[in-house]
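Report on the structure
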4 protein chains.
Amino acid sequence: MAGNSFGQAFRITTAGESHGPGNVVIIDGVPPGIPISVEDLLVDLNRRKPGQSKIVTQRKEADHPEILAGVFEGITTGTSLAILIRNEDQRSKDYSDIKDKYRPGHADYTYDAKYGFRDYRGGGRSSARETNVRVAAGVVAKKILEAAFGGRVVGYVTQVGDFRAQIKDPATVTIDQVEKMSDGELNPVRCPDHKVASQMIELIDQVRKEGDSIGGVAEVVATNVPAGLGEPVFDKLKADIAKALFSIPAVLGVEYGSGFACATMRGSENNDHFIAGENSNVDTPVITTDSNRHGGSLGGISTGQPLVFRAAVKPTSSLLIEQPTVTKQGEPTSIKTKGRHDPCLLPRFVPIAEAMIAITLADHWLRWRAQCAAAPDRTQDN
Amino acid sequence: MAGNSFGQAFRITTAGESHGPGNVVIIDGVPPGIPISVEDLLVDLNRRKPGQSKIVTQRKEADHPEILAGVFEGITTGTSLAILIRNEDQRSKDYSDIKDKYRPGHADYTYDAKYGFRDYRGGGRSSARETNVRVAAGVVAKKILEAAFGGRVVGYVTQVGDFRAQIKDPATVTIDQVEKMSDGELNPVRCPDHKVASQMIELIDQVRKEGDSIGGVAEVVATNVPAGLGEPVFDKLKADIAKALFSIPAVLGVEYGSGFACATMRGSENNDHFIAGENSNVDTPVITTDSNRHGGSLGGISTGQPLVFRAAVKPTSSLLIEQPTVTKQGEPTSIKTKGRHDPCLLPRFVPIAEAMIAITLADHWLRWRAQCAAAPDRTQDN
Amino acid sequence: MAGNSFGQAFRITTAGESHGPGNVVIIDGVPPGIPISVEDLLVDLNRRKPGQSKIVTQRKEADHPEILAGVFEGITTGTSLAILIRNEDQRSKDYSDIKDKYRPGHADYTYDAKYGFRDYRGGGRSSARETNVRVAAGVVAKKILEAAFGGRVVGYVTQVGDFRAQIKDPATVTIDQVEKMSDGELNPVRCPDHKVASQMIELIDQVRKEGDSIGGVAEVVATNVPAGLGEPVFDKLKADIAKALFSIPAVLGVEYGSGFACATMRGSENNDHFIAGENSNVDTPVITTDSNRHGGSLGGISTGQPLVFRAAVKPTSSLLIEQPTVTKQGEPTSIKTKGRHDPCLLPRFVPIAEAMIAITLADHWLRWRAQCAAAPDRTQDN
Amino acid sequence: MAGNSFGQAFRITTAGESHGPGNVVIIDGVPPGIPISVEDLLVDLNRRKPGQSKIVTQRKEADHPEILAGVFEGITTGTSLAILIRNEDQRSKDYSDIKDKYRPGHADYTYDAKYGFRDYRGGGRSSARETNVRVAAGVVAKKILEAAFGGRVVGYVTQVGDFRAQIKDPATVTIDQVEKMSDGELNPVRCPDHKVASQMIELIDQVRKEGDSIGGVAEVVATNVPAGLGEPVFDKLKADIAKALFSIPAVLGVEYGSGFACATMRGSENNDHFIAGENSNVDTPVITTDSNRHGGSLGGISTGQPLVFRAAVKPTSSLLIEQPTVTKQGEPTSIKTKGRHDPCLLPRFVPIAEAMIAITLADHWLRWRAQCAAAPDRTQDN
């Protein structure tokens, strides 16, 4: 009953620490016949990896995946798929001084409290390092969504500090706008509002120079998701996506659709109205809504509208500034992180959030197939 | 793998519709030897039930539970516990006209899309009616937390529309402040800031008269929770609590600790600092923090500080105002709810949110016992 | 993680004791659109219920089911389905004297050891009474198999004491041969070899008169099951069916195909040979085998041949003969069961075993759909 | 919902094919603080590996494990533990000719039927090669049982063809009697009745020379297991152990205690009688039985008596004798295995069966801890 698995029909199980031999993921439930290559995995792994730009950590991690099982002659076999990413650049000395000190905002203390001791090398299992195999699994999930219904999952940064992006229509944001600036240059902060992106980059760079860090918000949008995904009453799509996002280190809040803003709204303002879609006809009307304050989910089930989720990510806990804390023995001391850390987690958070949402959708797609595809005379089956 | 179960070690499975014979919950994993009576269940069921005050729905539902199994001579046997709550007051005629219309903000359309058809009587399975057995299960969970470590879960309303409560210390809010006004009268809105409570009540009453509804925010606090609960890396305590809250109808957002406010904060502002607790001694220092922006969870594991979560609840979708929509066939029409609904969901949301968090904590407590209690020479075991 | 649930995609969760208010099952994952009525449930419940003939217990239990949820206008909704069977005829006095004595062969002692105490009324949760809701769930499962691929599950008794039935082809045994004698009279022992059936009945009646009991073997056959069900490497079809059968009280052994007889066989004797089926053609050859020593499963996956499983059921532990035992306090004493019990469990075991195998097959059918039905360009999908 | 995980509280998830890069297991739920080394793993891996003697396959597989995660400074951390065993000696040419032929008794056909195609290199995922990581996980499980209650799991061969071992008391069989002959020489067949062992070896050698194979039976005994393990009503200890054994390739039958022999027994013969144990006293009597026909389990819960299970293992399907079969296209052909295979699977089956039973017991121990250890005033908790 430990918690290193996620999903049911499409299920990932992971192991690995920041400074052990490596991280591994076993994906169970992958449909057979899907082409997967190391190159496919590298696309998102490279978006997550350190050292991409001056505003992220300068650690060197190649994050080169090895497919250990589940793929034969380039396509998935339907049996469990395993991916290993070995660790490199294990500068244990960077972390030796935290062996007996509890870093503020980190899990050092809670791991000691839970397990009686901990792998003190850079956070061990609590390090975000483990998310690299989640991203690899996310690539497999994205391919399933693409093959099944042309599903697409795109994430981007909407807020860093007080800088907020203006996004007219989340569903139309392209991966290109996220990864590249208007001039074609790299968009290191992954904010598709390029004017605001420049301001965010400036802020992050300034914070970095001060040895401090800054928080922010990312938004992830899933499009072409058919109506019907999500399992009442506990595994609502919104519930499983929220869990997926909260399972990522540093996430302090999740909302979808009108989110927390609904607190000040009237029902007459917040309700979206159902309308008949353009390509409707008498036999099979396409039901849609004239707005998307419901964020693509009603009753915990997808409506066919874009799924729009946001996550609040706290400022990096590791600082180059001296911070007061205590030792394992409770003696007052102070700590100043020597390791190389991201001054803002948001840019590298984007591919991780995309992966977790893709994994959740793949899981729910397969779960929906199990129950409803087996129903007598159903049209969804075709 | 439909989704009518929640939890692993302490696992609830439910069934029931708003206008069927009733709702039932089977709770598996209940420790043996815990006293449970129908009276115990009624305490929270009465806090949730309709008709408590003028600002909630006037439907009459006695919500009287029957314990079908798992309790012998007044105490739990350790085998599966089942509770049945029969439905009364089934005014099906109230709902007959929605058979072919899709109510804005409701799950009518998504259930049709998912299952091919639906129980159209008042939402069927998608109605919040099913939460009554969650509340009953929550009572069992609360008793486990109380017996295990004096755990306490208290929820209250912090925002309705633009009215926001001032809560100095969430951990000190008492159930009495939530349920009663300063003058000892019933506190129908469950806001412990009684000045603001009166304003909220006025607003809700006004909204009700207009046939409209209003959203809000509730906060739930769990105290005396020991450090160590939460399972890396996916079943983090924050992740499972967030899922628990998002599994409740109408929840559009969840945050804990500094939440979405962290987006504008520096790491140096947001980090809480570890200190030695008062009753510390050299052998067994008590590690705590000098503030609680981390909301009681670090690395997804409880720190021993109060767990503080907030949920945003949308305004009720059912309105007495005419709203445009379409029929199952896609033809434009309009709908005006005749049923009796809550103008604001928050007051009755509180006991449901408490129940889901208590259930999540009971589950994680048992899960922690399974793994760590079995470890050699551990002190937590005693 | 107590154990009151079985299955994953088609999942049953049960609660109830022999002398509590009743037994309840929640079935999650039922495909929508399947007709289910109380009459459907009664067919198999009546085959299981006591008092059917002189060779089974004479207890009176109507076993009348109430569908609490998941069925609307006579068909399944796709949401969780709940069935309640209330207990009647609770002769607690029959059991009062076993409060402090441990009945040989029963779970009185192990329940005390596990839970610290027990519901001593007739075995409580350990009584086979709980199997009535399994049988009800089995009816739902049988309907899914029938609708999905014309699946059929038939069980019968092959051995009681030294009397062994001669079954030429398990796949051709009809429910009629099991339930009726050649002369159309009731076949109380459910052995399709009617000559041997008469001998079995005589033996059971004699054993009953002696206040003793006798063991036996039942065989269950599932036909029309398509090739492809079963999940490597742990949830092999043979593994889940074996677990399903061993989860039934009194089962001491399970085998399929050549079973234990394989120990003395050569590979050249035991291997079945693949051949092309009659209705084969070049494009889609039908692969089958010229014999069925493999019992319909290879590599843990169904081959399309009939699934043939056998279970050994021990003689009833409750005897009218005085047996030595000890009290809870360890003091020597003796016990003589006053309750009314089956002198041989096999006749009533048949519908229970059919139900558990049908449930396992329904679960694997849905699981197969989840993963393989979602695969690109697969023919199995049609 | 694929099936590559086993267990709940102590959960193993595996991936790997016979001729892919290797096999990997992730073990979740391992209690922290348990010493584990590669040397520990090798003890049982060497008992399973090929080439140990002339009566097993002569394939060369070093089966050298690498611990990828979950162990820090030689002890388990409590986070997920991963073990990788790379494949060597991948003689794909041995298998090239089976690409389009269906080997009798193998899963070639069923994998094609289920997944649409298969990894045809030596069985891929269906090969028993995957059991090497099960054995590695079994070592971790054995250490948990040893640490928790001095638990011990010993397996041995009781039958090969018509040669049956005489085992007076299963609980007293030592690993030494299993691994060594009376003269201290290697006991390649792992039968503790050394006289019969020699006959078995002779038979296997003769069968091998004929290019044929032979079946058999193995018995596994678990001692010092406390009363109380096993979860009613579906996850009975007997049910989960049976599933564990049936999940191993080639197992056609499982029984425990009196097993299939119970079919001919009277209740008065089969019932074991409860007695007070020697070291009993008035306050805490030790309840035991004067015989063990119940095989250590009553009501699906361990009694404290030795758990005694037997598994029937079919003769190896791969033969050096020409066997008739068909191609994927249904054309008649014949096949003669060129690979090197075990003429009898039993000797190498023993450590695999021990591992699966140890894993099941570790899982149930942790599950018992979760629920019952959390109960108020329980003595089991200490």
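A quick note: this is a predicted structure, and the numbers were derived from the prediction, not measured. One numbering rule holds for all chains: residues counted from 1, following each sequence as written. Numbering of ligands from 1 and lettering of chains from A proceed in the order in which they are written. In keeping with the model being predicted, local features are shown solely for residues with a pLDDT of at least 70 and side-chain atom pairs are shown and tallied solely at 80 or more, while totals for entire chains, interfaces and linings include all residues. Working from all heavy atoms in the structure, the side-chain values ignore hydrogens and water.

1. So, the packing of aromatic side chains
Any two rings among Phe, Tyr and Trp, with Trp reduced to its six-membered ring, count as a pair given centres within 6.5 Å; such a pair is stacked if its planes are under 30 degrees apart, edge-to-face if over 60, and tilted if neither. Scanning all chains against the criterion turns up 42 aromatic pairs over all chains. Put simply, the rings of A:Tyr102, A:Tyr109 and B:Phe274 touch in pairs and so form one group of aromatic residues. In this structure, C:Lys114 is placed above the aromatic ring of C:Tyr115, and the distance from its NZ or CZ to the ring centre is 5.7 Å. Look at NZ for Lys and CZ for Arg. If either is within 6 Å of the ring centre and within 35 degrees of the ring normal, a charge sits over the ring.

2. Remarks on the interface of chain A and chain B
Contact residues are listed per partner, giving 116 residues for chain A and 116 residues for chain B. What gets called buried area is simply the loss in accessible area from a 1.4 Å probe that two parts show on being joined, summed for both. For the pair chain A and chain B, the summed buried area comes to about 8,800 Å², and 61% of that belongs to carbon and sulfur atoms. Ranking the residues of chain A by area buried against chain B places A:Met1, A:Lys114 and A:Phe234 at the top, with a combined share of 10%. We define a salt bridge as a contact between a side-chain nitrogen of Lys or Arg and a carboxyl oxygen of Asp or Glu at a distance within 4 Å. Here chain A is connected to chain B by 10 salt bridges. Any pair of nitrogen or oxygen atoms within 3.5 Å is treated as a polar contact; in protein, a donor-acceptor pairing is required on top of that, and neighbouring residues in sequence qualify only through side-chain atoms on both sides. One can count 55 residue pairs in polar contact (both at pLDDT 80 or more) joining chain A with chain B. When checking whether two residues touch, look at their non-hydrogen atoms; a contact exists if any pair is within 4.5 Å.

3. Quick look at the pairing of strand 17 (residues 323-326) of chain D
Residue and element names in this part refer to chain D. Pairing of strand 17 with strand 18 (residues 332-335), which is carried by four bridges, proceeds in the antiparallel orientation. For threonine 325, the partnering residue across the bridge sits in strand 18 and is threonine 333. Two successive antiparallel strands, strand 17 and strand 18, enclose a turn made up of five residues, where glycine 330 displays a positive phi of approximately 85°. When DSSP locates at least two bridges between a pair of strands, those strands are taken to pair. Put simply, DSSP H or I for four residues or longer makes a helix, DSSP E for two residues or longer makes a strand, and each gets a number counted from the N terminus.

4. Brief notes about helix 3 (residues 131-149) of chain B
Relative to the 27 Å expected for 19 residues at 1.5 Å per residue, helix 3 of chain B spans 26 Å between its end C-alpha atoms, a close match to the ideal helical length. Of the residues one or two after helix 3 of chain B, B:Gly150 is the one with positive phi, at around 65°. Here a helix's expected span is defined as the number of its residues, less one, multiplied by 1.5 Å.

5. With respect to the sheet that holds strand 4 (residues 65-69) of chain B
Residue and element names in this part refer to chain B. Read from one edge of the open sheet, five strands run 1-2-3-7-4, paired in antiparallel fashion. Strand pairing shows two members of the sheet lacking a second neighbour, strand 1 (5-6) and strand 4, which therefore form its edges. Docked against the sheet, helix 3 engages strand 2 (11-16), strand 3 (22-28) and strand 7 (81-86), running at close to 30° with respect to strand 3. Think of each axis as a best-fit line through the C-alpha atoms, taken over the contacting stretch in the case of a helix, with angles from 0 to 180 degrees between the N-to-C directions.

6. With respect to the interface of chain C and chain B
Taken together, the contacts link 45 residues of chain C with 45 residues of chain B. Where chain C abuts chain B, roughly 3,500 Å² becomes buried across the two surfaces, and 61% of that area is made up of carbon and sulfur atoms. Of all residues in chain C, C:Leu68, C:Phe72 and C:Phe117 bury the most surface against chain B, accounting for 17% of the area lost on that side. On the surface where chain C and chain B come into contact, there are two salt bridges. Measuring nitrogen to oxygen at the nearest pair gives 2.7 Å for the salt bridge that ties C:Glu66 to B:Arg86. For the interface between chain C and chain B, the tally reads 14 residue pairs in polar contact (both at pLDDT 80 or more). Within the residue set of the side of chain C that touches chain B, elements represented by two or more residues are strand 2 (11-16), strand 3 (22-28), strand 4 (65-69), strand 6 (75-76), strand 7 (81-86) and helix 2 (108-115) of chain C. Ranked by residues supplied to the side of chain C that touches chain B, first place goes to strand 2 of chain C with five residues. Any residue that is not Ala, Val, Leu, Ile, Met, Phe, Trp, Tyr, Cys, Pro, Asp, Glu, Lys or Arg is counted as polar, Gly included; the first ten are nonpolar and the last four charged. When grouped by side-chain class, the residues that make up the side of chain C that touches chain B number 19 nonpolar, 16 polar and 10 charged.

7. Focus on the relation of the copies chain A and chain B
The operation relating chain A to chain B is a screw motion whose rotation component is 180°, with 0.0 Å of axial translation and a residual RMSD of 0.0 Å. Interpreted geometrically, this transformation is the action of a two-fold axis. Taken as a fraction of all interface residues of chain A, those also at the interface in chain B reach 99%, which identifies the copy contact as same-surface. Least squares is the method for superposing the copies, and the C-alpha atoms it fits come from residues with pLDDT of at least 70 in both.

8. Comments concerning the pairing of strand 11 (residues 251-256) of chain A
Only protein chains enter the area calculation, which uses a 1.4 Å probe; residues under 20% of their type maximum are buried, those over 50% are exposed, and those in between are partly exposed. Burial analysis of strand 11 of chain A places six of its six residues in the buried class, which makes it a mostly covered element. Alignment of strand 11 of chain A against strand 16 (residues 307-313) of chain A, held across five bridges, turns out to be antiparallel. If you follow A:Val251 over to strand 16 of chain A, its bridge partner there is A:Val313. Pairing geometry for strand 11 of chain A and strand 11 (residues 251-256) of chain B, over three bridges, is antiparallel. Across the sheet, residue A:Gly253 finds its bridge partner in strand 11 of chain B, namely B:Glu255.

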